[in-house]
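What follows is the residue order along each chain.
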Amino acid sequence: MAGRPGVAILLYVAPILTVVVTDPRWLKRIDRVSPMTAGLKIQATTALDSLTIGPRQGLGVLALWAAGALLAGLLSLQLRDA
């Protein structure tokens, strides 16, 4: 795992970008597609109107990231074992 930081990079790049980027439109876009933020929005039960992405949409984004990671792992496994 030490030689494969890809997943860790995917999880931590978006929160770092939200600190660096100052444009509110880009902040909202990054917040809506990042896996960690979307996953945390699933837990929201109050003040849903103030969130950048709702709990159900957050679940969808998180599911897409999980499916993408599984697909990447499957492709990697297939290419290595060929």
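Every value quoted in this text rests on a predicted model; they were computed, and no experiment measured them. (Residues numbered from 1 in each chain as written. Predicted model: local features only at pLDDT ≥ 70, side-chain atom pairs only at ≥ 80, totals over all residues. Heavy atoms only, no water.)

A. Structural detail: the overall build of the protein chain. Along its length, the protein chain carries four helices and zero strands. Along the protein chain, helices (α) and strands (β) appear in the sequence α-α-α-α when read from the amino end. With 82 residues in all, the protein chain has 16% of them scored as buried. With the model as given, the accessible surface of the protein chain reaches about 6400 Å², and the carbon-plus-sulfur share is 68%. (Helix = DSSP H or I, 4+ residues; strand = E, 2+ residues; numbered from the N terminus. Buried < 20%, exposed > 50% of the residue type's maximum accessible area, 1.4 Å probe, protein only. Areas by Shrake-Rupley, 256 points an atom, 1.4 Å probe, with all protein chains shown as cover.)

B. Quick peek at the environment of L62. Tracing the backbone through its elements, the reader meets L62 in helix α4 (residues 55–80). Taking the C-alpha atoms as reference, L62 lies 6.1 Å from A38; in sequence the two are 24 residues apart. Look past the residues within four positions of L62 in its chain and what remains in contact with it is P35, A38, G39 and I42. (Contact = heavy atoms within 4.5 Å.)

C. Structural context of the environment of G39. With respect to the helices and strands, G39 occurs in helix α3 (residues 35–41). The sequence separation of G39 and Q57 amounts to 18 residues, and the corresponding C-alpha distance is 9.7 Å.

D. Examining a nonpolar patch on the surface more closely. On the surface, a nonpolar cluster with roughly 590 Å² of combined accessible area is contributed by L11, Y12, I16, V19, V20 and M36. No other element matches helix α1 (residues 6–20), which puts five residues into the nonpolar patch. Relative to the elements of secondary structure, Y12 occurs in helix α1. (Patch = residues over 30% accessible without salt bridge, like charges linked within 9 Å, V, L, I, M, F, W, Y side chains within 5 Å. Salt bridge = Lys/Arg side-chain N within 4 Å of Asp/Glu carboxyl O.)

E. Here's a closer look at the confidence of the model for the protein chain. Of all residues in the protein chain, 87% attain a pLDDT of 70 or more, and the chain-wide mean is 79. Here α1 stands out as the least confident element of the protein chain, with mean pLDDT 74; α4 is the most confident, with 86. (pLDDT = per-residue confidence, 0-100.)

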